[in-house]
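Residue-level structure breakdown
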Amino acid sequence: MADKFEMEPHQFANAIKATCLPKEATDEQFAAFLMVAREHNLNPLTREIYAFPARGGGIQQIVGIDGWAKIMNSHPQFDGIDFVYDSDDKGKMTAVTARIHRKDRNKPIEVTEYMNECQGTSEPWKKWPARMLRHKAMIQCCRIAFGYTNIADPDEYDRQVQVTEIDITPEVADLNEEIKSKQG
């Protein structure tokens, strides 16, 4: 990747580590981050992709709206996107529906995101709620239309609950006891 950006490998690595990764990221996490950036052809130096510490350990790759737009627009089957805005009787936006058209499908993939489920408390959500909801609908529709996994948008990162944080030991023990009693 350093060659792509016409940088010396050591300088490139230092720039990425200093601007796109948490300080505690390991060399293996750095390598994984670069693999994901390369897979989606995203530029970490322009913050199309960056990483935060993952809850439960490791790192979580975060793709900003510009990165999602780049991924969507560069997909060979992408054939356009439409948005439909819904408002209540007072004119307040309540939902945005994104429809992604694929060249290889007869019908568009459609996702609706609702303001009451998505609205955050960050400065962008306070200043531009309609834009942020449109971004949310686009990202979720893109994810479904093209099957993208293991990358998140900044809001998802803030809201995400890692399975590793949930202690399922008591439920598994109870289930094992129930199975034994039925077999026994």
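A brief look at the structure comes next.

Here is what the cut-offs are and how they apply
Residues numbered from 1 in each chain as written. Predicted model: local features only at pLDDT ≥ 70, side-chain atom pairs only at ≥ 80, totals over all residues. Heavy atoms only, no water. Salt bridge = Lys/Arg side-chain N within 4 Å of Asp/Glu carboxyl O. Helix = DSSP H or I, 4+ residues; strand = E, 2+ residues; numbered from the N terminus. Buried < 20%, exposed > 50% of the residue type's maximum accessible area, 1.4 Å probe, protein only.

What follows deals with the pattern of salt bridges. Overall, the coordinates contain four salt bridges when judged by the stated rule. Put simply, Lys70 and Glu48 hold a salt bridge, and the shortest N to O gap is 3.2 Å. Placement of the pair is Lys70 in helix H3 (residues 65-74) and Glu48 in the loop between helix H2 (27-39) and strand E1 (49-53), with a sequence separation of 22 residues. In this structure, Asp104 and Arg102 form a salt bridge, with 2.8 Å as the shortest nitrogen-oxygen distance.

Next up on the list: unusual backbone geometry. Most peptide bonds take the trans form, and the phi angle of most residues other than glycine is negative. Its identity is not glycine, yet Asn41 carries a phi of approximately 55°, on the positive side. Relative to the helices and strands, Asn41 resides in the loop between H2 and E1. For Asn41, a relative accessible area of 40% puts it in the partly exposed group. Positive phi outside glycine occurs at Arg47, with the angle close to 65°. For Arg47, the position within the fold is in the loop between H2 and E1. The exposure class of Arg47 is partly exposed, given its relative accessible area of 39%.

Scope: geometric values only; no functional claims are made or implied.
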